[in-house]
Every structure is written in structure tokens, then in C-alpha cells.
Amino acid sequence: MSTVLEARHINKYFKKPILFHVLRDINFSVNKGEFVSIMGKSGCGKSTLLYVLSTMDTDYEGGLYLNDKLITNQSRDHLSAIRNKHIGFVFQFHYLLSDFTVLENVMLPAKKLAEKSYQEIEHDAMEKLKMLKIEHLAKKKAFRISGGEKQRVAIARALINNPAVIMGDEPTGNLDSHNSENVFQIFKTLSEDEGLSLLVVTHDEDFAKQTNRILTMEDGRIIS
Amino acid sequence: MTNWPLILSISKTHLLTKIKQTTIASLGVTFGIGSYITLVCFMTGLNAMLDDLILNQTPHIHVYNEIEPSEKQPVDLYDAFKNSFNVVHSIKPKLSQKKIHNALPIIDYLNEDDRVMGALPQVKTQIFYIAGSIEIGGNLTGINPLDEARFFRMGDYIVDGSSEALHNSDNGILLGIGIAKKMSLKVGDRVQVSPISGGVFSLKIVGFYQSGIADLDAIQSFTNLKTVQRILGETNNYITDISVKLHNIEDAVPLSKKIEQQFDLKAVDIKTANAQFETGTTIRNLITYAVSITLLIVAGFGIYNILNMLIYEKMNDIAILKATGFSGKDVQFIFMSQAMIIGFVGGILGLLIGYGLTSLIDTIPFKTEALPTIETYPINMNPLFFVIGFTFALVSTFLAGYLPSKKSKKIDPVKIIRRQ
Ligand SMILES: Nc1ncnc2c1ncn2[C@@H]1O[C@H](COP(=O)(O)OP(=O)(O)OP(=O)(O)O)[C@@H](O)[C@H]1O
Ligand SMILES: [Mg+2]
């Protein structure tokens, strides 16, 4: 089985306000099609780890591999391109471009990738919205929809370029149990049927239990 | 590789949703450029008019015989005193004639010079205008009216008449308007003049001369060369002055020096004659540009401010764009293009407003005694000003947008995302 994402000896420090060792020797890997959840107390460094893995945060020590290629110390522009094509990210809080419509928000990463025609991108985006049962919101401005809806739009956007891995920082944190279950099922299907790898931070024990593997963090370390 | 359609569509959305700020920023540019165009067209028009007032009538080189003391006094010629220090008291000017010796060959010679547009003969003399028992002193200048009109725009300063009318009449006079007023004379009337040497001649008024300089208009009149020569009882090679017009005014100084040396005449160039006048033009231009540039810089700061604000408001958007794969450059281009769009739209509007305002000013009546041919405010609508104005709009918005957009390029998405 091939490895999609691998972290080797990752250490990170916050230097301000005082020197703080936030990630301590993190080692783990995510295989293709694997659904992994990360749990741990608030403040143990889960979000920090995700930002490092997502290539947005480059201020760390150690090695990060995507599809067995070292991506540590790559140029920022190259990392942007990697994020665009291979990594989908769902933030802890819903994050949309509020001046744009829901559909435009979902289409943006694909337009940036520019591998498909406008019509194809629009079609794909509608497909993702349908999958998340929010296709009726397509033409609405992003700031006019509810928090839970925003979160699902963000998930659709993360999926639009069919990335190798999706990272989620409490992607179901704002959803009711019904929609949370729906999102979980979608993730599950994508990982099983389409080989999508998922790495999801969650505080929801029931959610975590249904994933392939649970990583538990404590004080910047992965303890299991 | 930059995906411009995508970047422009994002900046368009940003600008349209913040239409109020966009409009204000654009109006800043519009105001700056519009007032620059208006100011510069109006001021340079005014400058050109004032320049014309002096320059058109003034020969680039004026050649005449100056009455002055000889530079070499007889004692200097005597070898015995060569090495001594000579003091001569009560020097008197040398007696010489006003007539330029060999004037006609000199004029021919000058007209053959490539730098010379035209060299015109004149006869200047003092006369009295006689009205009943009153005698008013004045100047009468004999000219070639058609050439004067051609080279020195004489026609601009003739009211109620024309240079052709003077040319065609054997004893016509173009009377200074000041004299005409004093003596209540109309075109068609006769005026009597008397040269200093005596005799009275009756001349027919074919028009009035109005230079705009009141002191001059109160004494100066013109006739044909032949008429003056006849009044003075001189032959047709009696020429007292030569007015030279050049193709390039910069040649005035060297050529006048050359004429002085070659012909032993006095030759005054326009730069020496009107030095203080050029200073005035320079200062007016300086003020025009200082004010315009200030306006544009103020507009530039407006754009800088608004763009800074816009970027501050769009922090979230920047973080999301970067998180989903837009590079720092892409984000910088998004804000840069917004600045440029503001500059472009504002600049075009500014040009239109500037054009409208100057066209409007161009129709406002501006009547002044001093300038007989001017009907409306003078406007110099030089396309170059529009090019400069538009270029400045783009350059200033570029500079104003550059720093804020550079900041957006450097924004760390993680910091923004954490802030929530
Ligand atoms: N910019 C920063 N500078 C200094 N310390 C920071 C900074 N950001 C986070 N921290 C600290 O790092 C630790 C890990 O933060 P992180 O956001 O990764 O926690 P988390 O596990 O995601 O918590 P939660 O479950 O509440 O989201 C916390 O103790 C936090 O105070
Ligand atoms: Mg967190």
C-alpha cells in the first residue's frame, strides 16, 4: 500500500512570547485511501500540526513527504501549487470568500489549477454541492448562508480538485448530528471508493471511532 | 504562470462589492487628473498668449545704428601713449547717421542665411500728429505691411482694417488706437503728420493699430516704407532698422553677435531684450506643475489609504486564497490590478472631465482692451498633457498600490486563520 503523507521527526517551536516546544518529534504516515482521525485535549497542538502538514506553515524542523517526495524546504510558490492540486483543507471555522457566490467559492481552486474548462469545473462544482445536499445554495452569496452550510461549502471546495489528501480541522464542528453523520458518510465513501486519504482532527469520539485509525496527541506528542 | 482572467475576475468582484470605496478612490484620481489637465491647458494657454503678446511683435534680432561714443578714442590710436593710462573726460557720442549703410544688400544677405525666416526693412522716425493747433509727438514706422503680417503677425494687432489695405494705399496710415481716441478719428479720416525736419503731410487712415500695450498705442503708427521715405525726403535705400525673424529663437544670440561684428551695427537679440519676461514664464510654469503634482500626489495617497483598508478588510480572503493554492504573487497581482483598474478608470474619467472643463473655459468670453484678437479665455489643448496626465494616473496608482499589495503578498495565512 502506498504512502500519501509522511511526517518524519517533526519539531516546531513558538519563539514568542516565550520559547515553547509545541510539536515534539512527530512521526507518522497516512496511506492511500486511509481515514485517520486525530484526537487530543485542547491546546495540545493538533491545529499546529495540521498547518505544518498542509504546507502553509514552513517554520518547522524535520521532513514532510507527499507521495514519497520530500516537500520540506520547497519554494513557497511550489508549495502553493502542491496545496492547490494535492491537498484539500477544511478549516476549524468556516472560511469562505464572502463576496463570492457559493458556486464561485467552490470553483476557485479548480480555476486556479486550470486543468479543466469552465463548463467542466462548473459541472464538477455542482456535483460536489449535490453530494453535500446544498446545490440549492449555489447562486447565493457566501455571507448569506448559515454556519453549517458554510462548512459544507468549504468541504465541497476542498474536494473540487480531487486531491490526494483532505485535512480537516474539526470539519463537522458546526454541524448537527444529522449533517455530521452525512459528512462522515461522504468522507467514508470517498476514501473507500476513490482512494481519498483523510486526516481529520475531531473532538467527537463517535466520529473518531468509525475511522480507520485514531492518533492521540498530548503536549505536542503523538502518544498512540 | 499567472492566470490573468481569474485574477482580474477576483479583483473585479472585490471592486464591485466595495463600490463605494472604489468610486471614492477613482474620484480621487479623476479629480487629480482633471484638475491637472484643466490647470495645465489653461495656464500654458495663458502663457502662450502672454508670450505671443511680446514675442510676436518683437523681432528675434533687431538691427540698427546706435548713437554711442566710439569705443576707441583718438588717443588710443596714438602709439606714443600705448603703454600709458589715458583718462578722457567728457566723451561725446560720435556724430553718425541713423540710416543703415548698405541696408538693402545686408537684408538680401540675411535672407539667404538658413537660420533666418525673414529680414524686414523698417524706417523709424519721430513725427508730430497735428490736430488743429495741437501737436502730439509720436513714432511713425515705415514697413512692408504684407511681410510684417506674415512674419510678425501684424494682422493680429490691426483693428478696423488690414495690412492689405495699408499695402494698397499710397498714403495710408495705420494709426495707433490711442492717438485715434485722443484725436477722435475714424477709419477713412485724414490725419496730418509732420516730421521733425518740417512740412505737413496728410495721410489717410486705413486702420487702427492696437498692440495691447497702451503706452505704445498712444504714439505708434505705421505706413508703407515708401510713404515714410517720401515724408522724410529720402531715397528708397534709406532704412533705419532691420527686423529679423529666425526659425529657431536659440540662434538669436550667436547670429546677433555675428551681425554686430560683420557690419559694425547694433544688433539686439530677443533674449537680451526680454530677459525678465522669460523669468515670468518659467515661474508660471513652475507654479502650474507644482500645483498639479501636489493634486496628483494627494490622489495617490487616497488610493494608498483605500487599498490599505481594502487589504485589511480582505485579510480572510487572502488567507483562504493562499490556503487553497494561490501564490503570494497571485494575491499581490489581485490587489495590484485593483489599484491599476482604479487608476485606469479614474484617469480616463479625469481626462474626460479635464477635456470638458477646458472646452468650457475655451468658450467663456474674455474681452480685454489689451488683447484685441482674443475673444475667449486662451486654452492650449496639447495632446501631450493628456498623455502625461494619464501616464501619471497609472504611475501614481501603481506606486500607491505597490506597497499595500506587497504587504498582501507577505501575509502569513496561518496567522490569519488562527485569529478566528
Ligand atoms: N502563534 C502562537 N504563538 C505562541 N503560541 C501559540 C501560537 N499558536 C498557538 N500557540 C499555542 O500552541 C499550543 C497548540 O495550539 P493549537 O492551536 O495547535 O491547539 P489545538 O490542539 O488545535 O487546540 P484546540 O483543540 O482548542 O483547537 C497552544 O498551547 C497555544 O496556546
Ligand atoms: Mg485547533
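Residues numbered from 1 in each chain as written. Chains lettered and ligands numbered in written order. Predicted model: local features only at pLDDT ≥ 70, side-chain atom pairs only at ≥ 80, totals over all residues. Heavy atoms only, no water.

**Description of the overall build of chain B**
Line of reasoning, step 1. Within chain B, the secondary structure is distributed over 16 helices and ten strands.
Line of reasoning, step 2. Taken over the C-alpha trace, chain B has a radius of gyration of 33 Å; the compact-globule value for 420 residues is 22 Å, which it surpasses by more than 25%.
Line of reasoning, step 3. Judged by the C-alpha coordinates and their principal axes, chain B covers about 105 × 65 × 35 Å.
Line of reasoning, step 4. In chain B, which comprises 420 residues, the proportion classed as buried is 47%.
Line of reasoning, step 5. Excluding contacts between residues fewer than 6 apart, the proportion of contacts in chain B whose partners are at least 24 apart in sequence is 76%.
Line of reasoning, step 6. A distance of 14 Å separates the average location of the 37 positive side-chain charges in chain B from that of its 36 negative side-chain charges. (Helix = DSSP H or I, 4+ residues; strand = E, 2+ residues; numbered from the N terminus. Rg over C-alpha atoms; globule rule 2.2 N^0.38 Å. Buried < 20%, exposed > 50% of the residue type's maximum accessible area, 1.4 Å probe, protein only. Contact = heavy atoms within 4.5 Å. Lys, Arg positive; Asp, Glu negative; His and termini not counted. Charge placed at Lys NZ, Arg CZ, Asp CG, Glu CD.)

**Digging into the overall build of chain A**
Line of reasoning, step 1. Each helix and strand counted, chain A has seven helices and ten strands in total.
Line of reasoning, step 2. Computed over its C-alpha atoms, the radius of gyration of chain A comes to 17 Å, within 12% of the 17 Å expected for a compact globule of 224 residues.
Line of reasoning, step 3. For chain A, the spread of C-alpha atoms along the principal axes amounts to about 45 × 40 × 40 Å.
Line of reasoning, step 4. For chain A, the residues scored as buried account for 56% of the 224 residues in total.
Line of reasoning, step 5. Of the accessible surface of chain A, which amounts to about 10,000 Å², a share of 48% is contributed by carbon and sulfur atoms.
Line of reasoning, step 6. Once the 29 positive and 29 negative side-chain charges of chain A are each reduced to a mean point, those two points are 4 Å apart. (Areas by Shrake-Rupley, 256 points an atom, 1.4 Å probe, with all protein chains shown as cover.)

**Points about the confidence of the model for chain B**
Line of reasoning, step 1. Chain-level statistics for chain B give a pLDDT mean of 85 and a share of 97% at 70 or above.
Line of reasoning, step 2. Across the interface, the model reports ipTM at 0.92; the global pTM reads 0.75. (pLDDT = per-residue confidence, 0-100.)

**Examining the packing of aromatic side chains**
Line of reasoning, step 1. Enumeration over the complete set of coordinates arrives at 16 aromatic pairs over all chains.
Line of reasoning, step 2. When the ring of Phe-35 of chain A is compared with that of Phe-207 of chain A, the centres are 6.2 Å apart and the planes differ by 85 degrees; the resulting orientation is edge-to-face. Residue Phe-35 of chain A is located in strand S3 (residues 35-40), and its partner Phe-207 of chain A is located in helix H7 (residues 205-209); the two are separated by 172 residues in the primary sequence.
Line of reasoning, step 3. We classify Phe-35 of chain A as buried; its relative accessible area is 0%.
Line of reasoning, step 4. Ring-pair connections join several aromatic residues into one group, and the members of that group are Phe-35, Phe-184, Phe-187 and Phe-207 of chain A.
Line of reasoning, step 5. The side chain of Arg-8 of chain A reaches across the aromatic face of Tyr-65 of chain A, ending 4.2 Å from its centre.
Line of reasoning, step 6. A cation over an aromatic ring shows up here: Lys-112 of chain A above the ring of Phe-326 of chain B, its NZ or CZ 5.8 Å from the ring centre. (Phe/Tyr/Trp six-rings, centres within 6.5 Å; stacked < 30°, edge-to-face > 60°. Lys NZ or Arg CZ within 6 Å of the ring centre and 35° of its normal.)

**Topic: the sheet that holds strand S2 (residues 20-31) of chain A**
Residue and element names in this part refer to chain A.
Line of reasoning, step 1. Strand order across the open sheet formed by four strands is S2-S1-S4-S5, with antiparallel pairing between neighbours. Because the sheet does not close on itself, it has two edges, and the strands there are S2 and strand S5 (69-70).
Line of reasoning, step 2. Bridge count between strand S1 (residues 3-14) and S2: eight bridges; the pairing is antiparallel. Paired with Ala-7 across the bridge in S2 is Phe-28.
Line of reasoning, step 3. Strands S1, S2 and strand S4 (61-66) of the sheet are contacted by helix H1 (residues 46-53), whose axis makes an angle of about 60 degrees with S2. (Pairing = 2+ DSSP bridges. Axes fitted to C-alpha atoms, helices over the stretch in contact; angles between N-to-C directions.)

**Regarding the site of ligand 1**
Line of reasoning, step 1. Taken together, 16 residues lie around ligand 1, and Ser-42, Gly-43, Lys-46, Ser-47 and Thr-48 of chain A are the ones closest in.
Line of reasoning, step 2. Chains contributing residues to the immediate surroundings of ligand 1 are chains A and B.
Line of reasoning, step 3. Within the backbone of Cys-44 of chain A, an N or O atom sits 3.3 Å from an oxygen atom of ligand 1.
Line of reasoning, step 4. Contacts to ligand 1 include Thr-48 of chain A, whose side-chain N or O atom sits 2.5 Å from an oxygen atom.
Line of reasoning, step 5. When ligand 1 is considered free in solution it has 630 Å² of accessible area, and contact with the protein chains removes 68% of it.
Line of reasoning, step 6. Broken down by secondary-structure element, the contributors of at least two residues to the shell around ligand 1 are S2 and H1 of chain A.
Line of reasoning, step 7. The biggest single contributor to the shell around ligand 1 is H1 of chain A, with three residues. (Near = heavy atom within 4 Å. Polar contact = N/O pair within 3.5 Å; in protein donor to acceptor, adjacent residues only side chain to side chain.)

**Some words on the interface of chain A and chain B**
Accessible area lost upon the coming together of the parts serves often as the stated size of an interface.
Line of reasoning, step 1. Contact residues are listed per partner, giving 24 residues for chain A and 28 residues for chain B.
Line of reasoning, step 2. Taken over both partners, the interface formed by chain A and chain B buries close to 2,300 Å², and the fraction arising from carbon and sulfur atoms is 63%.
Line of reasoning, step 3. When the area that chain A buries against chain B is broken down by residue, the three leading residues are Tyr-95, Asp-99 and Lys-112 of chain A, summing to 29%.
Line of reasoning, step 4. Taken together, the connections running from chain A to chain B amount to two salt bridges.
Line of reasoning, step 5. Between Lys-112 of chain A and Asp-330 of chain B there is a salt bridge whose closest N-O contact spans 2.6 Å. (Buried area = accessible area lost by both parts, 1.4 Å probe. Salt bridge = Lys/Arg side-chain N within 4 Å of Asp/Glu carboxyl O.)

**A look at empty space enclosed by the protein**
Here the idea is plain: a probe the size of a water molecule rolls over the atoms and shows the empty space left.
Line of reasoning, step 1. In total, this model carries two cavities of 30 Å³ or more according to the counting rule given.
Line of reasoning, step 2. Together, 15 residues line the largest cavity, and Ile-87, Gly-88, Pro-109, Arg-157 and Ala-158 of chain A are the ones closest to its centre.
Line of reasoning, step 3. Looking at the second largest cavity, its volume works out to about 30 Å³.
Line of reasoning, step 4. Leu-97, Asn-105, Leu-108, Pro-109 and Arg-157 of chain A together with Ile-320, Leu-321 and Thr-324 of chain B together form the lining of the second largest cavity.
Line of reasoning, step 5. Broken down by secondary-structure element, the contributors of at least two residues to the lining of the second largest cavity are helix H3 (102-113) of chain A together with helix H13 (315-323) of chain B.
Line of reasoning, step 6. For the lining of the second largest cavity, the leading source of residues is H3 of chain A, giving three residues.
Line of reasoning, step 7. Of the residues belonging to the lining of the second largest cavity, the class tally is five nonpolar, two polar and one charged. (1 Å grid on protein atoms, 1.4 Å probe; cavity = no way out; pocket = protein on both sides within 12 Å on 5 of 7 lines; lining within 4 Å. Points joined across faces, edges and corners; volume = space filled by probe spheres on them. Nonpolar A, V, L, I, M, F, W, Y, C, P; charged D, E, K, R; others polar.)

**Here's the deal with unusual backbone geometry**
The general pattern is negative phi for most residues beyond glycine and trans for most peptide bonds.
Line of reasoning, step 1. A cis geometry characterises the amide bond from Lys-16 of chain A onward to Pro-17 of chain A, with omega recorded as -5 degrees.
Line of reasoning, step 2. Looking at the secondary structure, you find Pro-17 of chain A in the loop between S1 and S2.
Line of reasoning, step 3. The phi dihedral of Thr-55 of chain A falls on the positive side, at around 75 degrees, and the residue is not glycine.
Line of reasoning, step 4. As for its position among the elements, Thr-55 of chain A is in the loop between H1 and S4.
Line of reasoning, step 5. Note on Thr-55 of chain A: relative accessible area 3%, which makes it buried.
Line of reasoning, step 6. Positive phi is not limited to glycine here, since Asp-264 of chain B has a value of about 55 degrees.
Line of reasoning, step 7. Examined against the element boundaries, Asp-264 of chain B turns out to sit in the loop between helix H10 (252-263) and strand S10 (266-269).
Line of reasoning, step 8. Given the relative accessible area of 67%, Asp-264 of chain B is considered exposed.

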